[in-house]
Amino acid sequence: MKYLVSFRNAFYSTIVYRGNFVLRLVTVSLQIVVAVFMWQAVFRFSGKGDIVGISPLQMTYYLVIVNLLSLIFSTSLIFKFSQLVRSGNLTILLLRPVKLLMQAFFEYLGTSFSYLIIYGFVLVVSSETSSWSLTKILMTLGLFAIIYITFFLMISAMSLVSFWLIQVWPMRPVINALFMLLGGQAFPLQVLPQSFRWLEYTPFALAGNQLTLLSLGKVSFVQILFIFLASISWSLGFLVLIMKLWRRGIHAYEGVGS
């Protein structure tokens with residue numbers, strides 16, 4: 001119950017500050033419009049009916065979904081934790097009878113829940129998913145949940161560098177660029193040469209490119225199996241990294257504001 005309170009507070013915070021919420025949606029909408037016009041021009045001048053098996057209409061759908069996913073898979077946790085360390089307020093959380101990682105997860109989920117609702121609505125009304133069977137729906141939900149946890153663990157591991165860095169804001173454009181390139185926000189990773197196809201199984205690609213292709217029905221059962229194994233492997237690796245960084249970082253933490 002105490003973790004559900006964290007989820008509720010984070011969700012209400014997003015609703016209360018609706019100006020920020022709307023502004024982010026408007027910004028992403030403009031990005032989608034620009035990307036759609038660019039790709040329509042690519043299709044027109046290439047003279048091809050599809051690119052890597054994706055038609056012009058499907059490319060529009062791809063760009064909408066992948067940009068919505070960029071809102072869901074936020075990196076805000078890094079900067080929130082950095083503020084806790086710098087201000088010394090992390091000490092207060094350490095004294096509470098809660099597991100910080102679990103509390104952070106429910107806060108992270110609450111922050112992205114509004115975008116999850118929009119994402120789910122787009123999937124429901126889309127013609128691409130109208131013929132899905134119950135088995136495929138459950139498989140997609142399960143895979144999304146695993147990838148969501150994987151991305152959260154990666155961001156949590158990144159946030160722990162706050163114990164040693166005074167400022168972490170320079171990481172924001174770097175992470176955004178990684179999601180744009182590796183997450184497939186700029187283009188589907190399938191357009192890359194075969195020698196770079198391993199990039200499809202990085203955490204950014206799993207959260208963006210692969211989930212979007214899954215909604216388009218462009219992922220085979222074998223690929224789904226590889227995505228599942230990659231997500232589990234990344235999650236275990238990030239858990240180990242979090243434990244090691246936490247043990248070292250908490251010894252470096254002074255507990256006072258900077």
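Relevant structure appears above.
The present account deals with the structure reproduced in this document.

The rules behind the values
- All residue numbers refer to positions counted from 1 along the written sequence of the respective chain.
- Local features in this predicted model are restricted to residues of pLDDT 70 or higher, and side-chain atom pairs are both shown and tallied only at a pLDDT of 80 or more, whereas totals for entire chains, interfaces and linings draw on every residue.
- Water and hydrogen atoms were dropped before computing side-chain values, which therefore reflect all heavy atoms in the structure.
- Numbering goes from the N terminus for both helices and strands, where a helix is a DSSP run of H or I of at least four residues and a strand is a run of E of at least two.
- Radius of gyration: over C-alpha atoms. The globule rule applied is 2.2 Å multiplied by the number of residues raised to the 0.38 power.
- Burial here depends on accessible area, computed with a 1.4 Å probe over protein chains only, as a share of the maximum for the residue type. Under 20% is buried, over 50% is exposed, and the range in between is partly exposed.
- Calculation of accessible area relied on Shrake-Rupley with a 1.4 Å probe; when residues are assessed, cover is drawn exclusively from the protein chains displayed.
- Positive charge is attributed to Lys and Arg, negative charge to Asp and Glu, and no charge count is given to His or to the chain ends.
- In plain terms, the charge of a residue is placed at NZ if it is Lys, CZ if Arg, CG if Asp and CD if Glu.
- Under this scheme, a helix contributes an axis fitted over its contacting stretch, all axes are lines through C-alpha atoms, and angles between N-to-C directions fall in the 0 to 180 degree range.
- By definition in this entry, angles of less than 35 degrees are roughly parallel, angles greater than 145 are roughly antiparallel, angles of 65 to 115 are roughly perpendicular, and the rest are oblique.
- Helix crossings fall into two classes, left-handed where the near helix is turned counterclockwise from the far one by less than a right angle and right-handed where it is turned clockwise.
- Should any heavy atoms of two residues lie within 4.5 Å, those residues are considered in contact.

Attention now moves to the overall build of the protein chain. Assigned secondary structure in the protein chain consists of ten helices and zero strands. Ordered by position in the sequence, the α and β elements of the protein chain form the string α-α-α-α-α-α-α-α-α-α. By the compact-globule yardstick of 18 Å for 258 residues, the protein chain fits well, its C-alpha radius of gyration being 19 Å. In terms of overall dimensions, the protein chain has a C-alpha envelope of 60 × 40 × 35 Å along the principal axes. The buried share among the 258 residues of the protein chain stands at 45%. Total accessible area on the protein chain stands at roughly 13,900 Å², and carbon and sulfur atoms take up 72% of it. Across the protein chain, the 17 positively charged side chains and the 5 negatively charged ones have centroids separated by 8 Å.

Our focus in this paragraph is the packing of helix 8 (residues 171-182) against helix 9 (residues 203-215). As a packed pair, helix 8 and helix 9 sit with axes 8 Å apart at the nearest point and diverge in direction by 55°. Comparing their axes, helix 9 and helix 8 come out oblique. Note that helix 8 runs across helix 9; the crossing there is right-handed. The segment helix 8 lies against helix 9, with Ile175, Leu178, Phe179 and Leu182 engaging Phe204, Ala205, Ala207 and Gly208.

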